[in-house]
Amino acid sequence: MHKPIDQQTLATYQAAYANASQMMSDSDGLEPTSALKQAASDLGIAYGEPMGEFVRWAHKRINATV
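Here is a short report on the structure shown in this document. (Residues numbered from 1 in each chain as written. Predicted model: local features only at pLDDT ≥ 70, side-chain atom pairs only at ≥ 80, totals over all residues. Heavy atoms only, no water.)

1. What about the nonpolar core?
Formed by 14 residues in total, the largest nonpolar core has its most connected members in Leu-36, Phe-54, Trp-57 and Ala-58. For this core, the secondary-structure elements that each account for two or more residues are helix 1 (7-26), helix 2 (32-42) and helix 3 (49-65). Here this core takes 5 residues from helix 3, the largest share from any one element. Non-local contacts of Phe-54, meaning those with residues more than four positions away in its chain, are made with Tyr-13, Ala-16, Tyr-17, Leu-36, Ala-40 and Ile-45. (Core = buried A, V, L, I, M, F, W, Y, C linked by side-chain atoms within 4.5 Å. Buried < 20%, exposed > 50% of the residue type's maximum accessible area, 1.4 Å probe, protein only. Helix = DSSP H or I, 4+ residues; strand = E, 2+ residues; numbered from the N terminus. Contact = heavy atoms within 4.5 Å.)

2. A few points about the packing of aromatic side chains
The description of an aromatic ring pair uses the distance of the two centres, along with the angle that the planes make with each other. Scanning the model with the defined rule gives 4 aromatic pairs in all. Ring centres of Tyr-17 and Trp-57 lie 6.0 Å apart, and the angle between their planes is 85 degrees; on these two criteria the pair is classed as edge-to-face. Highlighted residues: Tyr-17 in helix 1 and Trp-57 in helix 3, separated in sequence by 40 residues. Grouping residues by exposure puts Tyr-17 and Trp-57 together as buried. (Phe/Tyr/Trp six-rings, centres within 6.5 Å; stacked < 30°, edge-to-face > 60°.)

3. Some details on the packing of helix 1 against helix 3
It is the contact of helix 1 with helix 3, at a shortest axis distance of 11 Å, that shows an interaxial angle of 65 degrees. Relative to helix 3, the element helix 1 lies roughly perpendicular. Between helix 1 and helix 3 lies a crossing whose hand is right-handed. Between helix 1 and helix 3, the contacting residues are Leu-10, Tyr-13, Gln-14, Ala-16 and Tyr-17 on the first element and Pro-50, Glu-53, Phe-54, Trp-57, Ala-58, Arg-61 and Ile-62 on the second. Across the contact of helix 1 with helix 3, the residue classes tally to 9 nonpolar, 1 polar and 2 charged. (Axes fitted to C-alpha atoms, helices over the stretch in contact; angles between N-to-C directions. Parallel < 35°, antiparallel > 145°, perpendicular 65-115°, else oblique. Left-handed = near helix turned anticlockwise from the far one by under 90°. Nonpolar A, V, L, I, M, F, W, Y, C, P; charged D, E, K, R; others polar.)

4. What to know about helix 1
Between the first and last C-alpha of helix 1 there are 29 Å, a value that for 20 residues agrees with the 28 Å anticipated at 1.5 Å per step. Within helix 1 the residues assigned to the buried category are Tyr-13, Ala-16, Tyr-17 and Ala-20. On an axial view of helix 1, the arc spanned by its buried residues comes to 105 degrees, and they lie on one face. Along helix 1, exposed side chains directed more than 90 degrees from the buried face belong to Gln-7, Gln-8, Ser-25 and Asp-26. For helix 1, the secondary structure elements touched by its buried residues are helix 2 and helix 3. (Expected span 1.5 Å × (residues − 1). Arc of directions from axis to C-beta.)

Honestly, that's just the spatial picture; any functional story needs more than this.
Below you can see the structure in the form of structure tokens.
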């Protein structure tokens, strides 16, 4: 079971998601996971499990809008 996301983390996730979306709009052919990881790194989300948690969260959000 996943622990709930606190408000500060959620705000960071939302900002990284928005930045990744902008990157994909600006760069034709950019792979979504690469954009997500770059945007997350830019906002201080550490590589490893924190990055993995963000990418899973973002993919759930992407799949919910498809």
